[in-house]
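Observations on the model geometry
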Amino acid sequence: MVHIRILPVLALTLGVLGAAPAHAAALWAGADFRSNGLDAHAGSALLPVPLIGTIGVEAGVGTRYGVSGLSEVRAGGTLRDLNLPFTKTDAYFGGGLSYHLAASANTGLGVYLEGGLRGPLLGPLGWRAGLKTDTKSGLSAGAGLEVRF
């Protein structure tokens, strides 16, 4: 008898979860001042995950202070729009492969991981702050702006 009462509740819960928006941006682009140089990134959403966030792909380029031209090109996956309750801030995490060009001290293929926080400023423009670590360039911190569409 108890399991018959639970079925409608479970069905309603799954329906709400399936229809709930993930508050996701479809496209985004941004630039950061980092502790080791300048960075730009752009990405696209692949799959909104209701009540969690968005799975997407992101690519970026970076240059190190004191080096002319690009020093890094990277591409990877990201989990974004992780809402922090009772704030207008969300978190992001990502990782992938990076290629460090001859202009940098450590040339070759590397692996990077990054994470941080984002929040709104005005309309689609927001702030972003985070940490990134790379097997070729080490740890860096940064802050910048991001536009979400």
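Residues numbered from 1 in each chain as written. Predicted model: local features only at pLDDT ≥ 70, side-chain atom pairs only at ≥ 80, totals over all residues. Heavy atoms only, no water.

**Quick look at the pairing of strand β8 (residues 138-148)**
Both strand β1 (residues 27-34) and β8 contribute to a ladder of seven bridges, which runs antiparallel. Bridge pairing in β8 places Asp-32 opposite Gly-144. Bridge count between strand β7 (residues 125-134) and β8: ten bridges; the pairing is antiparallel. In the sheet register, Trp-127 faces β8, and the bridge partner there is Leu-145. (Pairing = 2+ DSSP bridges. Helix = DSSP H or I, 4+ residues; strand = E, 2+ residues; numbered from the N terminus.)

**Quick word on the pairing of β7**
The side-chain alternation of β7 yields one buried face, formed by Gly-126, Arg-128, Gly-130, Lys-132 and Asp-134, and one unburied face, formed by Leu-125, Trp-127, Ala-129, Leu-131 and Thr-133. Relative to β7, strand β6 (residues 108-122) runs antiparallel, the two sharing ten bridges. Bridge pairing in β7 places Glu-114 opposite Lys-132. In this structure, the hairpin formed by β6 and β7 is closed by a connection of two residues, where Gly-123 is found at a positive phi of approximately 60°. (Buried < 20%, exposed > 50% of the residue type's maximum accessible area, 1.4 Å probe, protein only.)

**Structural notes on the pattern of salt bridges**
For the coordinates displayed, the defined rule picks out 14 salt bridges. The partner of Glu-146 in a salt bridge is Arg-118, and the shortest N-O contact between them spans 2.4 Å. Residue Glu-146 is found in strand β8, and its partner Arg-118 is found in strand β6; the two are separated by 28 residues along the sequence. For Glu-146, a relative accessible area of 3% corresponds to the buried category. Residues Glu-146 and Arg-128 are paired through a salt bridge, measuring 3.3 Å at the closest nitrogen-oxygen approach. (Salt bridge = Lys/Arg side-chain N within 4 Å of Asp/Glu carboxyl O.)

**Comments concerning the environment of Gly-110**
Assignment of secondary structure puts Gly-110 in strand β6. Gly-110 sits in the buried class, given a relative accessible area of 3%. Here the alpha-carbon distance between Gly-110 and Arg-74, two residues 36 residues apart in the chain, equals 9.0 Å.

**Considerations on the packing of aromatic side chains**
Applying the stated criterion across every chain, the model contains zero aromatic pairs. Over the face of the ring belonging to Tyr-112 we find Arg-74, whose NZ or CZ atom lies 5.7 Å from the ring centre. When the ring centre of Trp-28 is taken as reference, the NZ or CZ atom of Arg-80 above it lies at 3.8 Å. (Phe/Tyr/Trp six-rings, centres within 6.5 Å; stacked < 30°, edge-to-face > 60°. Lys NZ or Arg CZ within 6 Å of the ring centre and 35° of its normal.)

**A short note on the confidence of the model for the protein**
Averaged over all residues, the pLDDT of the protein is 85; the fraction at 70 or higher stands at 82%. Under a pLDDT of 50 for its full length, residues 9-22 has, in the predicted model, eleven contacts with residues more than four places off or in other chains. (pLDDT = per-residue confidence, 0-100. Contact = heavy atoms within 4.5 Å.)

**A word on a nonpolar patch on the surface**
On the surface, a cluster of nonpolar side chains totalling about 550 Å² of accessible area is made up of Leu-84, Leu-117, Leu-121, Leu-122, Trp-127 and Leu-145. Counting residues per element, the nonpolar patch draws most heavily on β6, which supplies three residues. (Patch = residues over 30% accessible without salt bridge, like charges linked within 9 Å, V, L, I, M, F, W, Y side chains within 5 Å. Areas by Shrake-Rupley, 256 points an atom, 1.4 Å probe, with all protein chains shown as cover.)

**Here's the deal with the sheet that holds β8**
Read around the barrel, eight strands follow the order β1-β2-β3-β4-β5-β6-β7-β8 and close on themselves; strand pairing throughout is antiparallel. Averaged over all neighbouring strand pairs, the angle between strand axes comes to 25°, with direction disregarded. (Axes fitted to C-alpha atoms, helices over the stretch in contact; angles between N-to-C directions.)

**As for unusual backbone geometry**
One non-glycine residue with positive phi stands out, namely Leu-51, at about 65°. On the secondary structure map, Leu-51 appears in the loop between β2 (37-49) and β3 (53-64). A positive phi is found at Asp-81, a non-glycine position, where the angle reads about 60°. With respect to the helices and strands, Asp-81 occurs in strand β4 (residues 72-83). The buried category is assigned to Asp-81, whose relative accessible area is 4%.

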